[in-house]
Amino acid sequence: MGEVRYNFSAGPAPLPAPVRDRIRDELDDFAGSGQSILELPFSAQPFRDLIARAERDLRELLDISADYAVLFLQGGASAQFALLPLNLLGGNACADYIETGYWSRKAIAEATRVMQAHIAASSAATGFDRVPEVGRWTVTPGAAYLHITSNETADGVEYPWTPILRRVPLVADMSSNFLTRPIDVSCYGVIYASAQKNIGVAGLTVLLVRRDLLGRAHSFVPAVFDYTRQADAASLLNTPPIFAVYVAGLAFEWLKNSGGVRAMEEASLRKSAILYRAIDSSEGFYRCPVLNEFRSRVSVCFRLADELLTERFLDEAQDQGLLNLKGHSKLGGVRASLYNAMPEEGAAALAGFMADFANRWG
Ligand SMILES: *Cc1c(COP(=O)(O)O)cnc(C)c1O
């Protein structure tokens, strides 16, 4: 048992095998320079070329227009929770948030330390099983922006559509579903994502910002976290996370060679359907509380009806090479992350194990 292993970690998550191979092959000699990428000056031409190419490939993958700056930042998505209001508030008094689960609550809690975060809609009353209907959002006139979490990584809830807002810029934390489907970037003011889920390795946050939203940063924002200053410096205001940018560049190349975001979306629909079918056909042995329409393609969260069996489920899965299926530490249960690097065989193997386990313990 356990020769083939599938890693369902929510983050840091598995890299595509070709990306890992490239890292290994190139570690001592980057692009014929005779030096390791880890030891090159970030201001030297080879690294400048690398970060420029990564940006170009990302722009191509998501069809990002010149109206947007692409920033390579540090601090993770969590740093952005407080940096968003510091950069975007300008003269406005507040910003709106849609509360859909664990990560949006984190974003709200951090923003509240800086300003008044108004919850324009929440699905807390129904246990975070959906995205609240847009028609019922109470958007504040004059809000600096409205923030959504496009995929609630811990709760397994994903936006099936993009909200269209007329007057308020839309800001999205896409940490866990960035590059897993096509998006219309022009619907957003800001999109941001930690790298360790679908982009590469920890240490990098990719942030897209519409240029008309620049120039609003509070005077005490640290320069390296000031979107405008980093945009002006092409993200080279200080030493960028070189290795993480390098890996992101490799991942963008891999994505382009693998059919781009359209192919990733199709694969994610197939992979998640396999698992939701396993849950729904288990006659209540497994249950996913999220309403069908909002079930995440990339974070499949479920519980065993008999919670006492969860630990056994996780142990046996691990023994069979199905790794890191434990749900979020605050929420429990089981979570299978199906990011771009997870092959369909991984989902099928997990579904097979789920049926077998339910047969034996149901
Ligand atoms: C993982 C995650 C974060 C936190 O990312 P860090 O890099 O640990 O700060 C924030 N939001 C979402 C939706 C996530 O999935």
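Nothing here was measured: the structure is a model prediction, and the numbers come from that model.

Caption draft 1: Examining the packing of aromatic side chains more closely. Taken as a whole and assessed by the stated rule, the structure comprises 16 aromatic pairs. When the ring of Y97 is compared with that of Y145, the centres are 5.9 Å apart and the planes differ by 70 degrees; the resulting orientation is edge-to-face. Taken as a pair, Y97 in strand β3 (residues 94–99) and Y145 in the loop between β4 (116–122) and β5 (146–149) lie far apart in primary sequence, 48 residues in all. With respect to burial, Y97 and Y145 carry one shared label: buried.

Caption draft 2: Spatial organisation of the pairing of strand β14 (residues 334–337). Here β14 shows a buried face lined by V334 and A336 and a second buried face lined by R335 and S337. Here strand β12 (residues 299–304) pairs with β14 via four bridges, running antiparallel. When the bridges of β14 are listed, S299 appears paired with S337.

Caption draft 3: A look at the pairing of strand β10 (residues 205–210). Among the six residues in β10, five count as buried, and that is most of the element. Pairing of strand β2 (residues 68–73) with β10 involves six bridges; the strand directions are antiparallel. Counted as the bridge partner of F72 is V206 from β10. In this sheet, β10 lies alongside strand β9 (residues 190–194) in antiparallel orientation, the contact comprising five bridges. In the strand pairing of β10, S194 is matched with T205.

How each quantity is defined
Residues numbered from 1 in each chain as written. Predicted model: local features only at pLDDT ≥ 70, side-chain atom pairs only at ≥ 80, totals over all residues. Heavy atoms only, no water. Phe/Tyr/Trp six-rings, centres within 6.5 Å; stacked < 30°, edge-to-face > 60°. Helix = DSSP H or I, 4+ residues; strand = E, 2+ residues; numbered from the N terminus. Buried < 20%, exposed > 50% of the residue type's maximum accessible area, 1.4 Å probe, protein only. Pairing = 2+ DSSP bridges.

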